[in-house]
Amino acid sequence: MLFNSDIFVFCFLPITLIGFYGLSRFAEHYVAKAWLVLASLFFYGWWNPAYLGLILISVFANYLIGQRLGQQHAKAAPSKKLLYFGLAFNLTLLGYFKYAGFLVENLNALTTANITLHRVVLPLAISFFTFQQVAYLIDARRGRVQESGFLNYILFVTFFPQLIAGPIVHHQEVLPQFLQKVSKGVRSKNFSIGFTIFAIGLFKKIVLADNVGAYATPVFAAAEQGAALTLLESWAGLLAYTCQIYFDFSGYSDMAIGLARLFGIRLPLNFNSPYKARCIVDFWRRWHITLSRFLRDYLYFSLGGGRRGHARRLANLMIVMLLGGLWHGAGWTFVLWGGLHGSFLVANHAWRKWGKFRLPPAISWALTLLVVVLAWVPFRADSLAATQTMFASMAGAHPSSLAEMFSSGIFGFAKIGASWIALCLLIAVVLPNTSQIMRRYRPGLETYKGEIRRLSMRRLEWRPTRPWAVFSALTFLVSVLSMEQVSEFLYFQF
């Protein structure tokens, strides 16, 4: 079930809200939470009920292992063996469903083996709930997990606003919130805030991402077929995808935070105007923030971080980004994307250490955006061959004259697409983001202190007033009326 579908907006969500608050009023709070767990499992099983067993097995196993690790720490006898068993359990599940086909394919290509593997369907959200529980186990062994009961734990993992595509929630952020009962006065406030954030996210996805994405899909499909794309076509397609993935992921992140707020839960921010970044380090503090935090806290630091010298630090950064790229998908294009960003980070840190001068802010911003845009090529391309085709076309391998562009219809295609691209880039680079607009009411938890910056024009900050209510209603209405066909979020495939 998708957030941008009729069945979710007009059926699942109202029923879940009415049931949750009705039970909160007339029954014990744990009954309302049990209802929310059942609703979340129904939401997950809507796509494929067969995988409900998988997520339940994962939740039960990790909860039991986490409890045992916590008991061992309390007795001052923490064992690494149990932690390693838990990590192996989680990574084996993830490895089989996500990477088995990729490994077999490459093994067959490198050797004379002819291994046949039946097609494995990737379960939704397995990358997200696996990382979430890996962090839980590691923290349990470190003594950082407090007993909260199985009901709260399963809700922490399966809570539907963040289940499918993040954010990757830390137990210390949300488990304490599940223990609190939301008062009646706070409910209406949470509802108005949550609805506004959800409406903005829905608009980003349906109106912006889906419309501009229509100009990216045919270009990359042609590159996959080896077509001779012109300079204009290739750059137009890439910039269209640059905008599509921005508003697709930004829209989902807003919707997740807005939906959680409807139930009185504040999720961590996961997206913070990354195209405004002035260096690649800053970009990764703004893009998929909770994934960056996980990779830093549980992988980069485990490798030694920067404690073993500058050269080792740069090597660790490269390793983390290669694995981060592989996390996004089982394919060499994602490894290449991770390697490119690893190289950018290495260059950024090397420049900070040895650079003789600092670039002007405008140049730093333009250079950062350029390398991010170029790296989207392998991220979006279906193969390395398509990646090569796109880069060659962008470099002018197949130039065309103005007369040819007019006669082939390319100019018209690019002109319409350019309008969407210009609009999207203007919004992404110039206008304030949702968290800034909602800043007065603390829309989400700050992953990094000071993330939500105050606007210079205070009138752009949301308030519970009639004009803002009209804005929220119109934004929602335009989005719903544009909901002609349901399109998946790009991050669902990861």
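Every value quoted in this text rests on a predicted model; they were computed, and no experiment measured them. (Residues numbered from 1 in each chain as written. Predicted model: local features only at pLDDT ≥ 70, side-chain atom pairs only at ≥ 80, totals over all residues. Heavy atoms only, no water.)

Caption draft 1: Representation of the nonpolar core in the model. Core analysis: the biggest nonpolar cluster contains 93 residues, and Phe 3, Phe 8, Tyr 44, Phe 156, Phe 160, Phe 198 and Phe 263 have the highest contact counts within it. The greatest single-element share of this core, amounting to ten residues, is contributed by helix α5 (residues 126–141). Ignoring sequence-local partners within four residues, the contact set of Phe 160 consists of Phe 3, Phe 8, Phe 12, Leu 13, Thr 16, Leu 36, Ser 40, Phe 43, Leu 259 and Phe 263. Grouped together as the second largest cluster of nonpolar side chains are 46 residues, Val 219, Phe 220, Cys 243 and Phe 379 included. (Core = buried A, V, L, I, M, F, W, Y, C linked by side-chain atoms within 4.5 Å. Buried < 20%, exposed > 50% of the residue type's maximum accessible area, 1.4 Å probe, protein only. Helix = DSSP H or I, 4+ residues; strand = E, 2+ residues; numbered from the N terminus. Contact = heavy atoms within 4.5 Å.)

Caption draft 2: Quick peek at unusual backbone geometry. The backbone of Ala 125 sits at a positive phi, close to 70 degrees, despite the residue not being glycine. As for its position among the elements, Ala 125 is in the loop between α4 (80–110) and α5. Ala 125 gets classed as buried once you look at its relative accessible area, which sits at 5%. Positioned with a positive phi, His 288 is a non-glycine residue whose angle comes to about 45 degrees. Counting through the fold element by element, His 288 comes out in the loop between α12 (280–283) and α13 (289–300).

Caption draft 3: Main features of α4. Compared with an ideal rise of 1.5 Å per residue, which puts 31 residues at 45 Å, α4 spans 36 Å between its outermost C-alpha atoms and falls more than 12% short. The largest bend in α4 is about 65 degrees, located at Tyr 99. (Expected span 1.5 Å × (residues − 1). Bend = angle between axes of the 7 residues up to and from the residue.)

Caption draft 4: Spotlight on the pattern of salt bridges. In this structure the tally under the stated criterion is eleven salt bridges. Two residues, Glu 173 and Arg 293, come together in a salt bridge whose shortest N-O distance is 2.5 Å. Of this pair, Glu 173 sits in helix α8 (residues 171–178) while Arg 293 sits in helix α13, and the two are 120 residues apart along the sequence. You can call Arg 293 buried: its relative accessible area is 11%. Note that Glu 461 is salt-bridged to Arg 440, the shortest N-O span being 3.0 Å. Highlighted residues: Glu 461 in the loop between α20 (434–437) and α21 (466–481) and Arg 440 in the loop between α20 and α21, separated in sequence by 21 residues. Assessed through its relative accessible area of 36%, Arg 440 is described here as partly exposed. Where salt bridges share partners, they join Asp 139, Arg 142 and Arg 144 into one cluster. (Salt bridge = Lys/Arg side-chain N within 4 Å of Asp/Glu carboxyl O.)

Caption draft 5: Quick look at the side chain of Ser 292. By secondary structure assignment, the location of Ser 292 is in helix α13. Looking at Ser 292, the relative accessible area reads 12%, which means it is buried. Residues within four places of Ser 292 in sequence aside, it is in contact with Trp 284 and Trp 287.

Caption draft 6: Broad picture of the packing of aromatic side chains. A full pass over the atoms with the stated rule returns 53 aromatic pairs. An angle of 90 degrees between the planes, with centres 5.5 Å apart, marks the rings of Phe 334 and Phe 379 as edge-to-face. Of this pair, Phe 334 sits in helix α15 (residues 332–354) while Phe 379 sits in helix α16 (residues 361–380); the two residues are 45 residues apart in sequence, bridging distant segments of the chain. The pair Phe 334 / Phe 379 is uniform in exposure class, with both members buried. When the ring centre of Trp 327 is taken as origin, the NZ or CZ atom of Lys 98, which lies over that ring, is 5.2 Å away. (Phe/Tyr/Trp six-rings, centres within 6.5 Å; stacked < 30°, edge-to-face > 60°. Lys NZ or Arg CZ within 6 Å of the ring centre and 35° of its normal.)

Caption draft 7: Quick look at the environment of Ser 435. Assignment of secondary structure puts Ser 435 in helix α20. Judged by relative accessible area, which is 9%, Ser 435 ranks as buried. Through-space distance from the C-alpha of Ser 435 to that of Thr 16 is 25 Å; in sequence the pair is 419 residues apart. Leave out the neighbours within four places in its chain, and Ser 435 touches Leu 269, Pro 443 and Ile 452.

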